[in-house]
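# Chains, contacts and geometry: an overview
Now for the letters of each chain:
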Amino acid sequence: MSRKEVLKKTLGKKRAKKYLPAKEKITLDIGPECIEGIVRAELSSTVRSLTEDLKKRKEGVGIGIFESDLAKDIALLRLHIHCFKTVLKYYGEP
């Protein structure tokens, strides 16, 4: 039995609310530099992941990411990696 259930059972629903944590919303004000950093990190992570998938597909290991046909999948992986790198350049990644 959870803490919430025990409190409700022993104190009643109305009184238990006083002892339970309130659900609060938090608003963060994030500057553009921070957002760009997050975007760069996610894009870089995706490029690394796609590059690893490409390596595996070239070796004949792994499953199709975009296509079940090996040649088409390799072509699409290369295209997506190129596109992500292009976006990274926009955000100032070398």
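It should be noted that the structure appears before, not after, this text.
Structure report, in brief.

Conventions and cut-offs
Residues numbered from 1 in each chain as written. Predicted model: local features only at pLDDT ≥ 70, side-chain atom pairs only at ≥ 80, totals over all residues. Heavy atoms only, no water. Helix = DSSP H or I, 4+ residues; strand = E, 2+ residues; numbered from the N terminus. Rg over C-alpha atoms; globule rule 2.2 N^0.38 Å. Buried < 20%, exposed > 50% of the residue type's maximum accessible area, 1.4 Å probe, protein only. Contact = heavy atoms within 4.5 Å. Areas by Shrake-Rupley, 256 points an atom, 1.4 Å probe, with all protein chains shown as cover. Lys, Arg positive; Asp, Glu negative; His and termini not counted. Charge placed at Lys NZ, Arg CZ, Asp CG, Glu CD.

### What about the overall build of the protein?
A count of helices and strands for the protein gives 4 helices and 0 strands. Here the protein has a C-alpha radius of gyration of 24 Å; the compact-globule value for 94 residues is 12 Å, and the former is much larger. Dimensions of the protein along its principal axes, counting C-alpha atoms only, are 65 × 35 × 15 Å. The 94 residues of the protein split such that 15% are buried. Residue pairs at least 24 apart in sequence account for 41% of intrachain contacts in the protein once pairs closer than 6 positions are excluded. Element-wise, carbon and sulfur atoms account for 57% of the exposed surface of the protein, whose accessible area totals about 7900 Å². Charge centroids of the protein, computed over 21 positive and 13 negative side chains, lie 14 Å from each other.

The analysis is restricted to geometry; functional conclusions fall outside its scope.
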